[in-house]
Amino acid sequence: MKKTSLLLMSLLLGALSLSAQSKSPIEDMQHYGAEPLRFKSLKEWRKVHRPAIYNFFLTEVYGRQPEQKLPIRYEMLEQSDKALGGKATRKQIAIHVGESQNPILLLIYQPNNARKAVPAFVAMNFKGNHQINVDPEIIISQNAPKGKELGSDPARGAATSRWPLEMIVDAGYAVATIYRGDVDPDFDDGFQNGIHPLFYRDGQSKPAADEWGTISAWAWGLSRVMDYIEKDKSIDQKRVAVVGHSRLGKTALWTAALDERFAISISNDSGCGGAALSIRKMGETVAKINKSFPHWFCDNYNKYSDNEEALKVDQQGLIALIAPRPVYVASAELDAWADPEGEFLSALNASPVYELYGRKGLAIDKMPALSTPSQEGDVAYHIRPGKHDITSYDWSQYIRFANKYFK
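An account of the accompanying structure is given in this report. Small disclaimer: the values here were computed from a predicted structure and weren't measured.

Things to note about the nonpolar core
- Counting 77 residues, the largest nonpolar core has Ile53, Phe57, Leu106 and Trp254 as the members making the most contacts within it.
- In terms of residues, this core owes the most to one element, helix H6 (residues 214–231), which gives ten residues.
- Not counting the four nearest positions on each side in its chain, phenylalanine 57 is found in contact with Tyr62, Gly63, Trp254, Val313, Asp314, Gln315, Gly317, Leu318 and Leu321.

Things to note about the pairing of strand E11 (residues 379–384)
- Of all six residues in E11, six are buried; the element is thus mostly enclosed.
- What you see with E11 is no split at all: Val379, Tyr381 and Ile383 on one side and Ala380, His382 and Arg384 on the other are buried throughout.
- The pairing of strand E10 (residues 327–332) with E11 spans six bridges and is classified as parallel. Looking at E11, one finds that valine 327 is bridged to valine 379.
- In this view, the connection linking E10 to its parallel neighbour E11 by way of helix H10 (residues 340–356) has right-handed handedness.

Structural notes on the packing of H6 against helix H7 (residues 247–258)
- Where H6 contacts H7, the axes come no closer than 9 Å and their chain directions differ by 60°. In the crossing of H6 with H7, the sense of the turn from one axis to the other is right-handed. From H6, Ile215, Ser216, Trp218, Ala219, Leu222 and Ser223 reach across to H7, where they touch Arg247, Leu248, Lys250, Thr251, Trp254, Thr255 and Leu258.
- Broken down by class, the residue content of the contact of H6 with H7 amounts to seven nonpolar, four polar and two charged.

Describing the packing of aromatic side chains
- Scanning the entire structure with this criterion turns up 25 aromatic pairs.
- For the pair tryptophan 296 and phenylalanine 297, a centre-to-centre distance of 6.4 Å together with 70° between the ring planes defines the contact as edge-to-face. Here tryptophan 296 matches phenylalanine 297 in class, with each residue buried.
- Above the ring of phenylalanine 126, the side-chain terminus of arginine 162 is found at 5.6 Å from the ring centroid.
- Note that arginine 224 overlies the ring of tryptophan 220, its terminal NZ or CZ placed 4.9 Å from the centroid.

Calculation rules
All residue numbers here refer to positions counted from 1 along the written sequence of the relevant chain. With the structure being a predicted model, the display of local features is reserved for residues of pLDDT at least 70 and the display and counting of side-chain atom pairs for 80 or more, all residues being used for whole-chain, interface and lining totals. Excluding hydrogens and water, the side-chain figures rest on all heavy atoms present in the structure. Joining through side-chain atoms within 4.5 Å is the link that ties buried Ala, Val, Leu, Ile, Met, Phe, Trp, Tyr and Cys residues into a set, and such a set is a nonpolar core. Relative accessibility thresholds used throughout: buried, under 20% of the residue-type maximum; exposed, over 50%; partly exposed, between the two (1.4 Å probe, protein chains only). Per the convention used, a helix needs a DSSP run of H or I reaching at least four residues, while a strand needs a run of E reaching at least two, with both numbered from the N terminus. Working rule for contacts: check all heavy atoms of both residues, and any pair within 4.5 Å makes them a contact. Strands are treated as partners if at least two bridges between them are detected by DSSP. Crossovers are marked right-handed if the path from the first strand over the helix to the second runs clockwise, as seen with the strands pointing away from the viewer. Note on geometry: axes are C-alpha line fits, over the in-contact stretch for helices, and angles between N-to-C directions span 0 to 180 degrees. By definition, turning the near helix anticlockwise from the far helix through less than a right angle yields a left-handed crossing, and turning it clockwise yields a right-handed one. Only Asp, Glu, Lys and Arg are considered charged, only Ala, Val, Leu, Ile, Met, Phe, Trp, Tyr, Cys and Pro nonpolar, and every remaining residue, Gly among them, polar. Here the aromatic set is Phe, Tyr and Trp, taking the six-membered ring for Trp, and pairing holds for ring centres within 6.5 Å; pairs whose planes are under 30 degrees apart are stacked, those over 60 apart are edge-to-face, and all others are tilted. By definition, being over a ring means that NZ of Lys or CZ of Arg is both within 6 Å of the ring centre and within 35 degrees of the ring normal.

Here's what the structure looks like:
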């Protein structure tokens, strides 16, 4: 009987040990929920909570970027100091990734009258570099969609309302942009196009459940823009803000969380999977976003469709990962799909982490009136009239906010 009891005890202990070993770090992770992130000390945040929250977003939401490094080569395709009526220099650079024959086209406008290296806004665009301005010299990517004819080129200048280049350049800033489709197409192609296949291991045909979806791939592309800026002495690499609207606003937040070289992150109408708290289930939900855009996030994120309560931390954790660097979250009154109040609450609930660094978080604790920006803290917020869009008003606020730190 003794031998039998000892054998049973040994098997039981072995099973418990195996069970403990098979547990993932996510299962053992504290449940932070959507509440304000309050901790006793900066050391506790940096040593305990930040790594756990970072790992959650890395493996459960956006997906890990590959550790493999491919050679990157930058080729200057065109440069002119006569852009925007002579007030700006235009640069067009091909970013060659590994052996791919399909480069990422980088377009830069920067002020001509600068006496030293200028600060910059880095932002991805939706349908091609040539859509941000009517400039006939902008090279059209072979990946860009063909749209309605405006002049001689497809949809040239169609998105100028979202890109007030002259206002930005007049304020002393460069603008650097790439087309999202040059990095990864924005549709569910099974990850067979874009940059994913360049990194597949032997026998791999799609990312693993915790590996990068399209948003994380777009963030990878924005980091390659920063790599170029580090080589360009006319742009100040220490004064670079990453900006994004809508799905690209989600990308701007995740990019800054991954890459600390970006000094400011700006999220415009980013909604679910961006700045908005998922637990509120207002407008676009996790289930809806996973169904409509299954390629944006890693496969593990599907576990939280109609199951937001299981999220160990909500989107306030994403904003907190960027601390102590400044963050600006913006909403639009008629953009119910993006849940403006949920975006505001994420900014508010991330603010205690900024205070641990001796910085000031969001300076208000209630939603502000329309067109009344709160920019006193290192976490800023505004809500403007109108619909889901990025406008000159939004850009004017981002310039004003960046001036606090860059001028």
